[in-house]
Amino acid sequence: MRDSLVAAAFQLFLERGYEQTTVDEIVALAGVGRRSFFRYFPSKEDVVFPDHERCLAEMNDFLGDGSGGGGDEDDPVARVCDAARVVLRMYAENPTFSVQRYRLTKKVPGLRTYELSVVWRYERALAEYLRGRFAGRRDGTLRADVIAAAVVAAHNNGLRSWLRSAGQSDASAEVDHALAHVQRVFGPDPGAVRPVQRPADKSAREAADDDVVVVISRRGAPMWRVVQEVETALGRDPE
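Treat the numbers as computed from the prediction; the structure is a model and nothing was measured.

### Some words on helix α7 (residues 95-107)
With 13 residues, α7 ought to run about 18 Å at 1.5 Å a step, and its terminal C-alpha atoms sit 19 Å apart, in line with that. Taken residue by residue, α7 has Phe97, Ser98, Val99, Arg101, Tyr102, Leu104 and Thr105 as its buried positions. Where α7 is buried, its residues meet α1 (2-16), α4 (44-48), α5 (52-65), α6 (76-93), α8 (109-133) and α9 (140-164).

See below:
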């Protein structure tokens, strides 16, 4: 019944327009009563985004399972990037529906506002996970919130590229490319102290000790910018 309501709603939205379609018309086409509609969807807007509650629950379950044991669990940034891919899979399950929804939300301001509220819930879930991982660290909450926002922005950038192609491009490749940028900027976790590898040869050690690089950065500059400046000073490509 839920799927029938979604199918009926989108058929009418495409034929008549979102604003011109009523809930009564949707239930009439689906062959069910008004009460059945509101059992599944609190409002007409909700029928446009029928799968986000399930997807949000799956994302939270995925993040909840990342409690250690190696792999991405040891890299919080990689973990939240993988969590964003849970959302991508939801879109990719039904490309035709996803493209129709994308085109519909572009035309209806109210749906764009609703979509932003949905995106914010994903971002909050990622931020809460990262806050737990960065707890006790200097600027841990700030770092968590910034990374969560960056992951959502990168995911949406790749997702929209795929949607603009009418689902013809490679959705995973688009999103992977965008998320890789986030991982280059924010990961691996700079809070983890790694041992410095010193040359075994004495003369090499002395040469390394003499090789000093000074980087001047604006006070308050974000960590990713400082890292980028250091990489540039060392002659590495910050990408």
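### What about the packing of aromatic side chains?
Across all of its chains, the model carries seven aromatic pairs by this definition. Pairing phenylalanine 49 with tyrosine 114 gives two aromatic rings, centres 5.1 Å apart and planes at 20°, and the pair type is stacked. Remark: tyrosine 114 occurs in helix α8 and phenylalanine 49 occurs in the loop between α4 and α5; sequence separation between them is 65 residues. Using a relative accessible area of 5% as the deciding quantity, one classes phenylalanine 49 as buried. Residue class for tyrosine 114 comes out partly exposed when judged on its relative accessible area of 22%. Ring pairs connect the aromatic residues Phe10, Phe13, Tyr18 and Phe97, which therefore count as one cluster. Lying across the ring of tyrosine 18, lysine 44 places its NZ or CZ 4.3 Å from the centre.

### Considering the packing of α9 against helix α10 (residues 171-186)
Interaxial distance between α9 and α10 falls to 7 Å at its minimum, and their mutual angle equals 155°. Taken together, the axes of α9 and α10 are roughly antiparallel relative to one another. Two packed elements cross with a definite hand, and for α9 against α10 that hand is right-handed. Contacts from Arg143, Val146, Ile147, Ala150, Val151, Ala154, His155, Gly158, Leu159, Ser161 and Trp162 in α9 reach Ala171, Glu174, Val175, Ala178, Leu179, Val182 and Phe186 in α10. Each residue belonging to the contact of α9 with α10 can be placed in one class, and the counts come to 13 nonpolar, three polar and two charged.

### Quick look at the environment of methionine 90
Counting through the fold element by element, methionine 90 comes out in helix α6. Relative accessible area serves as the criterion here: at 4%, methionine 90 is assigned to the buried category. Once the C-alpha coordinates of methionine 90 and histidine 52 are considered, the two residues, 38 residues apart in sequence, prove to be 8.3 Å apart.

### Details of the environment of valine 77
Mapping valine 77 onto the fold places it in helix α6. With 70 residues separating them along the chain, valine 77 and isoleucine 147 place their C-alpha atoms 7.5 Å apart. Contact partners of valine 77, with chain neighbours within four places excluded, come to Ile147, Val182, Gln183, Phe186 and Gly187.

Parameters at a glance
- Residues numbered from 1 in each chain as written.
- Predicted model: local features only at pLDDT ≥ 70, side-chain atom pairs only at ≥ 80, totals over all residues.
- Heavy atoms only, no water.
- Helix = DSSP H or I, 4+ residues; strand = E, 2+ residues; numbered from the N terminus.
- Expected span 1.5 Å × (residues − 1).
- Buried < 20%, exposed > 50% of the residue type's maximum accessible area, 1.4 Å probe, protein only.
- Contact = heavy atoms within 4.5 Å.
- Phe/Tyr/Trp six-rings, centres within 6.5 Å; stacked < 30°, edge-to-face > 60°.
- Lys NZ or Arg CZ within 6 Å of the ring centre and 35° of its normal.
- Axes fitted to C-alpha atoms, helices over the stretch in contact; angles between N-to-C directions.
- Parallel < 35°, antiparallel > 145°, perpendicular 65-115°, else oblique.
- Left-handed = near helix turned anticlockwise from the far one by under 90°.
- Nonpolar A, V, L, I, M, F, W, Y, C, P; charged D, E, K, R; others polar.

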